[in-house]
Amino acid sequence: MGEKPRGMYRVAGLLLSASGVRYAGQLVLLVLIARFGGAGDVGVFTVALAVCAPVYIIAGFGIRTVFLTLHRPVAPGAYERFLLVSLACAGAVVCIVAALLPGEIAVVLLVVAVIRTGETYLELYSGMLQRAGRPRAIVLVVSAGTGLQIAAACAVFLLGGALPQALLASAAMYSLNLLLFARPAALRPAVPRDHSFGTEAALGTVSAPDASSAAEAGAAPAPWRALFAAGLPTGVAIGMITLLSTVPQYLLGLTGDVAAAGRFAVLLYVVVAVEMVLHALAQSWIPHARTLLRSGALGPAAVARTAARWTALVTGPGLAGLVLAALLLPVVLGPEFTVTLSLAVPLLCCVLLVPTVFAADTAVVVRNRYSLSLLVSVSALTVGTALGLALTLLGVFGLRTALWTFAATMAARAAGGLLAAAWAARATSGGRVRSARRVRSARHAGRAVRPADAHAGAAGALLRRYWLLLPIAAAATAAVAGGPLWSLGAAGAVVLLCLLCLLRVGAVELLVITVPLAFYITAGGMLVNLAVSDVLLLLLLVRILADPACAEAFAQVTGTVKAALCVVALLLTATAATAMARGALGARVDWTAFAADAFKLLVVIAYFIVCVVVFRDLCARGDFRFLRLWALTAAVVGALGTAGAVLFAAGVETGLTMDFRATGTFEDPNAFATYLIMSVPLALLARHLSGRSLLSWHLVPILAGVIASFSRGALVGIAAVLLMLCAAAFRDPALRSLRFLALLATGAAVALVMGGAAGSLLETNRGVGFGEDVRFRLWEAATDVWLHSPVFGVGLGQFITSSKDLLGSAGGVLAHNTFLSVLAEGGVLGAALYFALPGAAAVSLLRRADTAGRLLLISGAGAAVMAVSLNLQNFRPLWMLLALAFACTASTAPASAAAPLPHGPPGLVASRALPPRSRVSPPRDQRDPRTDMSWN
């Protein structure tokens, strides 16, 4: 009946781990602020936290507890909209307070309010995950959000940003984690373990209520009224829990003994640690308590047994904590923090009372007696305050009596909780008969029963669609005070969120859109390339690992993933062994460069693994929207680069060029050109799979951007792509519309290159000819380095150091050739490992011998041509292209995935079986729901 204790303790351990990660993240963030901002920033941050804490505790309405315990079936969207209104009111209160504070504190206060908004929503989604039986996902969600939050703050501090900017970046990363990982995982329909009290309806999996449930719905209050009636006392009760411990501190301050107040706060951390454990236990016990309630077994005896079991469980850790505090506090904080026996005894009493408090309170709220729980908290607070004031008036209130006062308060709360649980049990048993009579009378009277969510209204529809704009809008408002640059970044965040909410762009599609947003930062004296999509990659990776729904998609490419991981492991092992051997022989080894290149390799392999899983799943479902967005993104990026080059020629600096060479959203014209060259066949593939004409406007800005890059290698690369498209057009009937244009473009490109027109154009702009390019000397240096160690190379990341040692001034920079660079650093063995995945993809595409395979092969060939003059080992779009090639040539999917959808085309893997122009994408509203929701 319900969860077994062992399972309950496992869930409690996972919830406790999530809490530990969250509190550890807050501690690390505080340390970062102290390290980079000093004591002043720490003070500003703590003041903002102190102001926001009570407001958002009450505005949170104890939403997680309410979701886990409320009997009334309420849709998750109603919880979200209710919380939106509540947090909007909380934000208004914070704005009023911020208007009364100095400017610096006000900005930080607004950003902290955004963070607290995200944390409150995460509480709701954690409750959804727990109720759906996925507690491990809670740990992953919290860990991902905390890690992104800390990483963003650290990056901003390292780049010289101030506290508001660091907190704003943290808030943005937290919101992305909430939006792209936590919310989709929580709202995924699932059959939970707890089937009591309409859980299925709460999760949106119930089709229609029966007559009795309809009558109950008609007699029950509206969803928002029910949530308000349950959440208000719960939120206030949670807020009063903090007052139970702060009242003795206030009284110690009134007596003038500030040092004792500080010692009291430090000693109370022992109780706080026990409360964290008990909170996790109570949350994990809720499903079992609901089952006991349904069977009528949740009486005072069951509550007492649970409290006794929890007391026995925490007694040992509590004693260990007291002993540890007695040993460490005097050493770390000074002798005045010595824990004597007179102080340890009341602390131990508090520790032993906490389990009863949590067990009794959980039993009360499981019965939905939220007001009764609030009454117990108010009574305990009244007892503690009255006792403390009496001792203060008697002049005997000190540290020891403050601890005993707190122990008495906890005792009053425990006793009141047990009495409330007993009274609620009797009241519930008597109320069931009256409730059944009301339902029968409503049925006989023939009253119409109105569904709870039948009349959401226009305002409800707007809130349901745009609710996530609120935290980002608040972040944008806070960023306005941080300077123009941060205002621009906040505006960009709002635009991205609009794309996500209004256009229903999923995480995979957003990954495709943001991968061209690449930039460089200097870290540890090294230039590191990053992309906005790296954040989304992490969220998708965690999603694949945490979501059981991704298991089938992952199973289709398990062999490919294992092969990629094995290749990377062998490559890293071989190159590390080479570097160690060279170091032992006296050669200079740059281990920082090795670690940096190894990390870059792991990043692009993560791109490959994530994309091969999600692309395979989407292709098998017939959803090629990500390819259409790739084409659209490439067209926009090409247009931006072209416009930047034109404006630069007119004397207007836009930041979209490197001098006169277009860079678009990249910071390098060669990477910009490579991305566009790869995108030409992919744009054609997107049009082909959607059944539309291959010739579209996307090709114009893409080709214009390639020319505006003024890259010599790009001219050769685009000529090679056009030449291969021309050949494929005469072989493949599906590409026949490209024949004339491919011939014309190929002829023009060859004429420009062979006739020297392109060279003279570049010489005019760049002041240097092809023969004077420094790359030729670098290639010669790379060849010399490789010949020095042809089998094993010089080790990953060691080319720059080795070229300096061997060639003097001729070396010291990148080889500007992917093939020679890999040969120099990995030798023949490393090159064989490195090119194993691209080689396998090329062979699979050649065997495929269809239109999609040819276009993908041409895209890869264009990147290979560019790799002759560039280092593309860590170029993210290239690894996404490899993932797409493996995704469409992977082993045949199960019939459920590979078969045509009821209203859509078969996957990319089955496209050979169709006529050339029959692959028409269905309207978006007619697709299989999995297509739109799987990766959102």
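Residues numbered from 1 in each chain as written. Predicted model: local features only at pLDDT ≥ 70, side-chain atom pairs only at ≥ 80, totals over all residues. Heavy atoms only, no water.

(A) Seen up close, the nonpolar core. Core analysis: the largest hydrophobic core is formed by 245 residues, its most contacted members being Tyr79, Leu167, Trp310, Phe608, Phe615 and Met880. It is helix H23 (residues 591–621) that provides the largest number of residues to this core, a total of 18 residues. The contact partners of Trp310, leaving out residues within four places of it in the chain, are Met8, Leu278, Leu281, Ala282, Trp285, Pro355, Phe358 and Ala359. Counting eight residues, the second-largest nonpolar core is a separate cluster that includes Ala782, Val785, Val794 and Leu820. (Core = buried A, V, L, I, M, F, W, Y, C linked by side-chain atoms within 4.5 Å. Buried < 20%, exposed > 50% of the residue type's maximum accessible area, 1.4 Å probe, protein only. Helix = DSSP H or I, 4+ residues; strand = E, 2+ residues; numbered from the N terminus. Contact = heavy atoms within 4.5 Å.)

(B) Quick look at the pattern of salt bridges. Evaluation of the coordinates by the stated rule reveals nine salt bridges. Residues Glu123 and Arg64 are paired through a salt bridge, measuring 4.0 Å at the closest nitrogen-oxygen approach. Residue Glu123 is located in helix H4 (residues 103–131), and its partner Arg64 is located in helix H2 (residues 63–69); the two are separated by 59 residues in the primary sequence. Judged by relative accessible area, Glu123 falls into the partly exposed class, the value being 24%. Across the salt bridge formed by Glu119 and Arg116, the nearest N and O atoms sit 3.2 Å from each other. Note that Glu119 and Arg116 are positioned in helix H4 at a spacing of three residues, about one turn of the helix. When sorted by exposure, Glu119 lands in the same class as Arg116, which is buried. Through salt bridges with shared partners, a single ionic network connects Arg22, Arg64 and Glu123. (Salt bridge = Lys/Arg side-chain N within 4 Å of Asp/Glu carboxyl O.)

(C) Expanded view of the side chain of Arg582. With respect to the secondary-structure elements, Arg582 resides in helix H22 (residues 558–584). Exposure remark for Arg582: the relative accessible area of 16% places this residue in the buried category.

(D) Region of the structure containing the packing of helix H33 (residues 836–848) against helix H35 (residues 876–889). Following both chains from N to C, one finds H33 and H35 inclined at 45°, their axes separated by 9 Å at the closest point. With respect to H35, the element H33 is oriented oblique. As H33 packs across H35, the resulting crossing turns out to be left-handed. Contacts between H33 and H35 pair Leu837, Pro838, Ala840, Ala841, Ser844, Leu845 and Arg848 from the former with Trp879, Leu882, Ala885, Phe886, Cys888 and Thr889 from the latter. (Axes fitted to C-alpha atoms, helices over the stretch in contact; angles between N-to-C directions. Parallel < 35°, antiparallel > 145°, perpendicular 65-115°, else oblique. Left-handed = near helix turned anticlockwise from the far one by under 90°.)

(E) Geometry of unusual backbone geometry. The backbone of Asn368 shows a phi angle near 65°, a positive value even though the residue is not glycine. The residue Asn368 is located in the loop between helix H13 (341–366) and helix H14 (370–393) in this model. We note that Asp659 has phi near 60°; this positive angle belongs to a residue other than glycine. By the element assignment, Asp659 lies in the loop between strand S3 (657–658) and strand S4 (661–662). Judged by relative accessible area, which is 53%, Asp659 ranks as exposed.

(F) The packing of aromatic side chains, seen in detail. For the structure on display, the rule yields 16 aromatic pairs. Taking 5.0 Å as the distance between ring centres and 70° as the angle between the ring planes, the aromatic pair formed by Phe67 and Tyr79 counts as edge-to-face. Note that Phe67 is positioned in helix H2 and Tyr79 in helix H3 (residues 76–99), a separation of twelve residues in sequence. Here the two residues Phe67 and Tyr79 agree in accessibility, since each one is buried. Consider the rings of Trp591 and Phe594, whose centres lie 5.5 Å apart with planes at 75°: the pair is edge-to-face. Linking Trp591 with Phe594, this pair stays in helix H23, spanning three residues, or about one helical turn. With a relative accessible area of 12%, Phe594 lands in the buried category. A connected cluster of aromatic rings, assembled from ring pairs, spans Phe608, Phe819, Tyr834, Phe835, Trp879 and Phe886. (Phe/Tyr/Trp six-rings, centres within 6.5 Å; stacked < 30°, edge-to-face > 60°.)

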